[in-house]
Amino acid sequence: MFASLLPKSAPFFEMLLEQNSHLRHMSRLLLGMLEDLSRMDEAHKEIALIEEEADKLHVRIIRDLSQTFITPIDREDILRINQEQEEALDGLHTLSTRLHIFEFPTMRFPAMQLVRTICSMLDLTGEMLDGLTRREDCHKTRAFRYLRGECDMLLAVGLAELMDDQQEITPARLMNIMKWSQAYDRISMLLENVNNLAETIEEAVLKNV
């Protein structure tokens, strides 16, 4: 009788995993945009729709957290993971919007490979979060650092490739360089979002597993 009167915990792990699923789905859609530019409009619209659903989930987690006494892990960890995933979702949406606006006729290999590697990094965050849910050892630090190193190298190569082009400087080429510089900047910001998310989940894993 008394047990039935105790406050129930909201399904925070399920909601965080769903949020992470949205994040990984958006990253794959973004990669599809780069691999097939003819799907740019379609993929961008789908990314925007998923981001809207993820925003609702972000608000729901915060609301439920404020109304719940019992939580499966520290409420600060739930709040931080929720916030870091939301920022990564925003970063993906912003990058897809920027690429959609720029309408690049072709896609540069370093940019495509960067997004492909970020997809792999997000897959690791999903594995870590799933492990945290089941209280299993799910450290992915070494694999994540390796992928992060690849991204740093690809960013350097992409920017160097952009600046080392020996073509004649024309207004059109200068505009293209500016667009690509902004695109790489947005990819770099997304990379930081994903890195922060991984570190936040890792901290929660160390505390709770």
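I will try to describe carefully the structure that is included in this document. Since this is a predicted model, take the numbers as computed values, not measurements.

### Points about the side chain of Thr 125
Topologically, Thr 125 is positioned in helix H5 (residues 109-133). Ignoring any residue separated from it by four or fewer positions in sequence, one finds Thr 125 in contact with Asn 20, Phe 144, Leu 197, Ala 198 and Ile 201.

### Considerations on the packing of H5 against helix H7 (residues 171-208)
Look at H5 against H7: their axes get within 10 Å of each other, and the N-to-C directions meet at 15°. When the axes of H5 and H7 are compared, the pair comes out roughly parallel. Crossing hand, H5 versus H7: left-handed. Residues of the contact of H5 with H7, tallied by class, amount to 20 nonpolar, 2 polar and 1 charged.

### Section: the packing of helix H2 (residues 12-35) against H5
At a minimum axis distance of 9 Å, the contact between H2 and H5 shows a crossing angle of 165°. Judged on the interaxial angle alone, H5 and H2 are roughly antiparallel. The chirality of how H2 crosses H5 is left-handed.

Procedures and definitions
Residues numbered from 1 in each chain as written. Predicted model: local features only at pLDDT ≥ 70, side-chain atom pairs only at ≥ 80, totals over all residues. Heavy atoms only, no water. Helix = DSSP H or I, 4+ residues; strand = E, 2+ residues; numbered from the N terminus. Contact = heavy atoms within 4.5 Å. Axes fitted to C-alpha atoms, helices over the stretch in contact; angles between N-to-C directions. Parallel < 35°, antiparallel > 145°, perpendicular 65-115°, else oblique. Left-handed = near helix turned anticlockwise from the far one by under 90°. Nonpolar A, V, L, I, M, F, W, Y, C, P; charged D, E, K, R; others polar.

Note that all results are geometric; they support no functional claim without further evidence.
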